[in-house]
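Residues per chain, in single letters:
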Amino acid sequence: MKTFIQTTLISFFALMALSAVAQDDAALLKKAKKIHEKAFTLDTHADTPMLLSRGGFDITKDNDARATNSKVDYPRMKRGGLDAIFFAVYLGQGPRTPEAHEAAKKRALGIFDAINTTLKSTSELAELATTPDDAYRIGKTGKRVIFLGVENGYAMGHDLSMLQKFYDLGTRYMTLCHSSNNDICDSSTDHKGAEYQGLSPLGEQVVKEMNRLGMIIDVSHISDSTFYDVIRLSKVPIVATHSGARAICNHPRNLTDDMLKALAKNGGVIQLNLLSDYIKTIPPSPEREAAMKVLYEKYNIKDRRGMMTLPEAEQQKARAEFTELNKKYPIQLATVKDAIDHIDHIVKLIGIDHVGMGADFDGGGALADCFDVSQYDNMTVELVRRGYSKKDIEKIWSGNFFRVMKAVDKGKTRELSLK
Ligand SMILES: [Zn+2]
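It should be emphasised that the depicted structure is a prediction, and the values quoted were computed from it without experimental measurement. (Residues numbered from 1 in each chain as written. Predicted model: local features only at pLDDT ≥ 70, side-chain atom pairs only at ≥ 80, totals over all residues. Heavy atoms only, no water.)

A. Structural detail: the coordination of the zinc ion. At this site the zinc ion is bound by E151 (OE), H221 (NE2) and H242 (NE2), with donor distances of 2.0 to 2.2 Å. All donors of the zinc ion belong to a single chain; written as a sequence motif, their spacing is E-x69-H-x20-H. Placement of E151 in strand β4 (residues 144-151) and of H242 in strand β7 (residues 239-243) is noted, with a sequence separation of 91 residues between them. (Donors = N, O, S within 2.8 Å, 3.2 Å for Na, K, Ca; no water. Helix = DSSP H or I, 4+ residues; strand = E, 2+ residues; numbered from the N terminus.)

Next comes the structure, spelled out in structure tokens:
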């Protein structure tokens, strides 16, 4: 049995230890805040333009992430300490007929229009950038910096001249495909499997033309064999704008260690996706699974995507029921700690110069403690906690990506004719 004095002493030392931890934590938070504020912070992939084209969304308001199902707006960017973001002109994969390709081109241009209209009407709060220098200049004015990328080469159809058009509209990267194969290459997630075992003949021309223009090639979404084709063919560094490490989370959207090594050799960079399923595999609860099954059976659909095929009125009813289900059986999300595990792995494998941030907000990106852009500073806190230096963190937040951006621009060979 412990004496009174022993017990008191134990309590005293426990309290001392606790307050030391609290002090350490306060010092760490202070340090992280300073680093985060000073660093130029860039996210390379957000699908926010989908909300802009849909209408009814105000990017100048501080929107509630859960109520509006939106993860990015100017006030929240500011709150999360995010200076710059790439907005993706995203096209889902549709039919691969000449008519559908024409329609895809038009749709893509329509999204550019919606973005330009927004940027014009909010010019006091944000501005389009096409170079790192632009970004620093705009950042200094206190405005948010908007870059543009195209997600899914489907947007150009078979028309290589569209790439020049996209570039002239401000586009600085293009993701070659999305969740399914297209006429450019094989996707990492097409359930039908590979068609070309990599790039198609059109895809090879696309890579050459993007090199010529000085447009970054985005290897997120493409299959492993397409990745190796691109890396062989590209004369300049490439980028995965929103992907993770497959060794940490086994998903085809993530890059294997061998791919990461090849990426480092190429001088490229991987920008970490914060989509929970690509960060950590968390098995869904049996209760949630059962409730989902009942809902799908009721509406005679196979999965959540099936909801989109329902008539409008039914779709609304199904969506409302799904929202209720989500409240009752919330999805368990991965955390910032899990996300930084990817960065740790990548840095250990290929060094600090090849990793950055590309959360995929408004395209599925969301962690429990980085649910939207307003919580982005939590990433820096965890990086500081794990011993990353100010210099390392600045590289992760934009230095590495901007290095690639400059290299790709420098490598452009526009005077050469396309062969
Ligand atoms: Zn994507």
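B. Up close: the nonpolar core. In terms of nonpolar packing, the biggest core is built from 91 residues, with L176 and Y376 touching the most fellow members. Setting aside residues up to four positions removed in sequence, Y376 forms contacts with H36, D43, G80, L82, L274, M357, G358, A359, F361, C370 and W397. L42, A84, V239 and V269 belong to the second largest nonpolar core, which has 19 residues in total. (Core = buried A, V, L, I, M, F, W, Y, C linked by side-chain atoms within 4.5 Å. Buried < 20%, exposed > 50% of the residue type's maximum accessible area, 1.4 Å probe, protein only. Contact = heavy atoms within 4.5 Å.)

C. Quick peek at the packing of aromatic side chains. Inspection of the entire model under this criterion finds eleven aromatic pairs. Centre to centre, the rings of F227 and Y228 are 5.2 Å apart; their planes meet at 90°, and the pair counts as edge-to-face. Among the residues examined, F227 registers a relative accessible area of 1% and is labelled buried. Relative accessible area serves as the criterion here: at 25%, Y228 is assigned to the partly exposed category. Both rings, one in Y376 and one in W397, keep their centres 4.8 Å apart while their planes meet at 90°; by these two values the pair is edge-to-face. Of this pair, Y376 sits in the loop between β9 (355-357) and α15 (377-385) while W397 is found in helix α16 (residues 390-410), placing the two residues 21 residues apart along the sequence. Across the pair, exposure class does not vary: Y376 and W397 are buried alike. Aromatic rings pair up to connect F40, F86, Y136, F147, Y173, F401 and F402 into one cluster. Seen from the ring of Y167, R172 lies directly overhead, with NZ or CZ sitting 3.6 Å from the centre. (Phe/Tyr/Trp six-rings, centres within 6.5 Å; stacked < 30°, edge-to-face > 60°. Lys NZ or Arg CZ within 6 Å of the ring centre and 35° of its normal.)

D. Main features of the packing of helix α5 (residues 98-121) against helix α7 (residues 161-168). It is the contact of α5 with α7, at a shortest axis distance of 12 Å, that shows an interaxial angle of 5°. On the basis of the axis angle, α5 is roughly parallel to α7. Where α5 approaches α7, its residues K105, A108, L109 and F112 are matched on the opposing element by M162, K165 and F166. For the contact of α5 with α7, a count of residues per class yields five nonpolar, no polar and two charged. (Axes fitted to C-alpha atoms, helices over the stretch in contact; angles between N-to-C directions. Parallel < 35°, antiparallel > 145°, perpendicular 65-115°, else oblique. Nonpolar A, V, L, I, M, F, W, Y, C, P; charged D, E, K, R; others polar.)

E. Local environment of the pairing of β7. Taking burial as the measure, the five residues of β7 include five buried ones, the bulk of the element. In this structure, β7 lies alongside strand β8 (residues 269-272), joined through three bridges in parallel fashion. Within the sheet, the bridge partner assigned to S243 lies in β8 and is L272. A crossover connection joins β7 to the parallel β8 through helix α10 (residues 257-266); in handedness this β-α-β unit is right-handed. (Pairing = 2+ DSSP bridges. Right-handed = clockwise from strand over helix to strand, strands pointing away.)

F. Spatial organisation of the domain arrangement of the protein. Its domain assignment divides the protein into domain 1 (39-281 + 334-410) and domain 2 (283-331). Measuring from the centre of the C-alpha atoms in domain 1 to the corresponding centre in domain 2 gives 29 Å. (Domains from an automatic or database assignment.)

G. Region of interest: empty space enclosed by the protein. Taken as a whole and assessed by the stated rule, the structure comprises two cavities of 30 Å³ or more. Within this model, the largest cavity holds a volume of roughly 40 Å³. The wall of the largest cavity is formed by V219, S220, H221, I222, D224, S243, R246, P252, R253, N254, L255 and M259. Classifying every residue of the lining of the largest cavity gives five nonpolar, four polar and three charged. Every residue along the wall of the second largest cavity is listed here: H101, G153, Y154, G157, N182, D183 and I184. (1 Å grid on protein atoms, 1.4 Å probe; cavity = no way out; pocket = protein on both sides within 12 Å on 5 of 7 lines; lining within 4 Å. Points joined across faces, edges and corners; volume = space filled by probe spheres on them.)

H. The arrangement of the pattern of salt bridges in detail. Counted under the stated rule, the structure contains 29 salt bridges. Between E127 and K143 there is a salt bridge, with the nearest N and O atoms lying 3.1 Å from each other. Of this pair, E127 sits in strand β3 (residues 126-128) while K143 sits in the loop between α6 (132-140) and β4, and the two are 16 residues apart along the sequence. One salt bridge connects E382 with R385, and the closest N-O pair in it is separated by 3.1 Å. (Salt bridge = Lys/Arg side-chain N within 4 Å of Asp/Glu carboxyl O.)

I. Region of the structure containing the side chain of T380. With respect to the element layout, T380 can be found in helix α15. You can call T380 buried: its relative accessible area is 0%. In terms of polar contacts, T380 uses its side chain to reach the side chain of H36, at 2.6 Å. A distance of 2.8 Å separates polar atoms of two side chains, one belonging to T380 and the other to W397. With residues up to four places along the chain from it excluded, the contact list for T380 reads A32, I35, H36, I393 and W397. (Polar contact = N/O pair within 3.5 Å; in protein donor to acceptor, adjacent residues only side chain to side chain.)

J. The pairing of β8, seen in detail. Residues V269 and Q271 point to one face of β8 and I270 and L272 to the other, with burial holding for every one of them. Here β8 pairs with β9 via three bridges, running parallel. Its bridge partner being in β9, L272 is matched across the sheet by M357.

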